[in-house]
Amino acid sequence: MYHSSTQRKFWTFQSEEHLLDLRQTANHDFITNHRPRCKNEDTTFFLSEPEERLICRHYEHLLRDLCRNFEPPMPNSVMATGCAYLKRFYLHNSVMDHHPNYIMLTCLYLACKIEEFNVSIVQFCCNIKDNPSRAAEVILTLELLVMQALNFHLTVHNPYRPLEGFLIDLKTRYSSLRNPDQLRQGADEFLHRCIATDACLLFSPSQVSLAALVTSASKLGINIDSYVTDTLLGPENRSGLRDTVNIIKRMKCLVKNIEPLNPEIIKRLEKKLDICRNQELNPDSEVYKKKLQDMLDDEEENLFIKHNKEAEIMRQKEEDLLLNI
């Protein structure tokens with residue numbers, strides 16, 4: 001249940017300002033830790049928080065595109081969970097530390113597991129055009145990192161199930177509307193646009209799905225206000241009605257104000273990211289490969305030392321045993 005979930009406790013925030021504060025902190029922390037790399041105190045060397053957000057939005061868009069074209073066809077719940085993971089990850093991490101390219105794929109692959117959409121890593125990476133074997137290797141490497149960044153809070157409550165519940169409720173308790181299923185298409189479109197916003201970090205799934213229903217009905221010229229006021233909330237819950245109306249207005253505003261991405265700006269920011277990113281966390285960089293090899297060498301050396309110690313202990317025990325005969 002959402003009301004007792006980690007999603008409500010740890011990943012639902014009071015305002016967009018709170019989300020902005022978290023993202024600004026992640027950006028500031030990266031710049032502070034890597035400022036020695038910046039020549040002549042040039043503050044434009046690194047990405048700003050708004051620039052990071054544009055890159056995140058671009059990769060969220062790519063994730064949704066991948067889901068739409070995925071084979072076998074992918075349920076909407078997997079796409080919504082993958083997007084939620086990606087948004088959560090970059091609340092506390094900078095794209096300059098972890099490039100969204102592989103993080104996006106890892107979030108989606110993890111969502112397939114959690115939502116029980118059964119695809120192997122080979123099947124998953126067959127849907128990736130560029131170097132699928134390399135993608136599989138990096139995804140499996142990053143999987144634990146992503147889960148740690150999410151604090152292992154992997155269950156995501158999406159608005160698709162509450163939407164089905166509302167449609168059933170309309171059929172059974174609201175006879176004024178003869179065909180509630182006519183609201184489905186418009187509601188699905190609203191939910192899809194919501195995924196492009198921060199709605200999953202600000203509102204409960206039932207609030208999002210109710211806003212989708214009300215918006216869909218409004219576009220079709222159907223008034224379901226009495227369903228919300230009388231059937232859902234009841235005439236005695238006037239304060240709850242006021243809060244619900246405000247929440248729906250906020251969500252509509254979020255969806256309406258989605259700004260289109262400019263491909264030229266994204267291309268420029270991608271180039272800037274390639275220059276300023278942390279190469280120690282870039283799986284394709286020589287710095288990363290050398291660091292990984294050094295770690296493997298150290299591990300082999302430690303195993304060799306441990307093996308020698310164990311052999312020496314065994315030899316000493318055998319000598320002691322012979323002396324006691």
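We now turn to the structure provided with this report. Everything numeric in this text was worked out from a predicted model, so none of it was measured.

Okay, the nonpolar core next. Where a protein is soluble and globular, its nonpolar side chains tend to be buried together. Residues M96 and F124 are the most contacted members of the largest nonpolar core, which totals 90 residues. Beyond its immediate sequence surroundings of up to four residues, F124 is in contact with F70, L105, L108, Y109, C112, V119 and I139.

Another aspect to go through is helix α12 (residues 225-233). For α12, the complete set of buried residues consists of Y227, V228, T229 and T231. Looking one or two places after α12, you find G234, whose phi comes out positive at around 90°.

This model, assessed by the stated rule, comprises seven aromatic pairs. Centre to centre, the rings of F45 and F46 are 5.0 Å apart; their planes meet at 85°, and the pair counts as edge-to-face. For F45, a relative accessible area of 22% corresponds to the partly exposed category. For F46, a relative accessible area of 3% translates into the label buried. Members of the aromatic cluster, joined through ring pairs, are F70, Y109, F117 and F124.

Here D274 lies in helix α14 (residues 263-276). Look at D274 and you get partly exposed, because its relative accessible area is 45%. Those residues in contact with D274 that sit more than four places away from it in its chain are H99 and Q279.

Look at helix α8 (residues 160-173) against helix α9 (residues 184-195): their axes get within 11 Å of each other, and the N-to-C directions meet at 155°. When the axis of α8 is compared with that of α9, the two are roughly antiparallel. By crossing handedness, the relation of α8 to α9 is classed as right-handed. For the pair α8 and α9, contact is made by Y160, L163, E164 and L167 and by R184, A187, D188, L191 and I195, respectively.

The rules behind each value
Residues numbered from 1 in each chain as written. Predicted model: local features only at pLDDT ≥ 70, side-chain atom pairs only at ≥ 80, totals over all residues. Heavy atoms only, no water. Core = buried A, V, L, I, M, F, W, Y, C linked by side-chain atoms within 4.5 Å. Buried < 20%, exposed > 50% of the residue type's maximum accessible area, 1.4 Å probe, protein only. Contact = heavy atoms within 4.5 Å. Helix = DSSP H or I, 4+ residues; strand = E, 2+ residues; numbered from the N terminus. Phe/Tyr/Trp six-rings, centres within 6.5 Å; stacked < 30°, edge-to-face > 60°. Axes fitted to C-alpha atoms, helices over the stretch in contact; angles between N-to-C directions. Parallel < 35°, antiparallel > 145°, perpendicular 65-115°, else oblique. Left-handed = near helix turned anticlockwise from the far one by under 90°.

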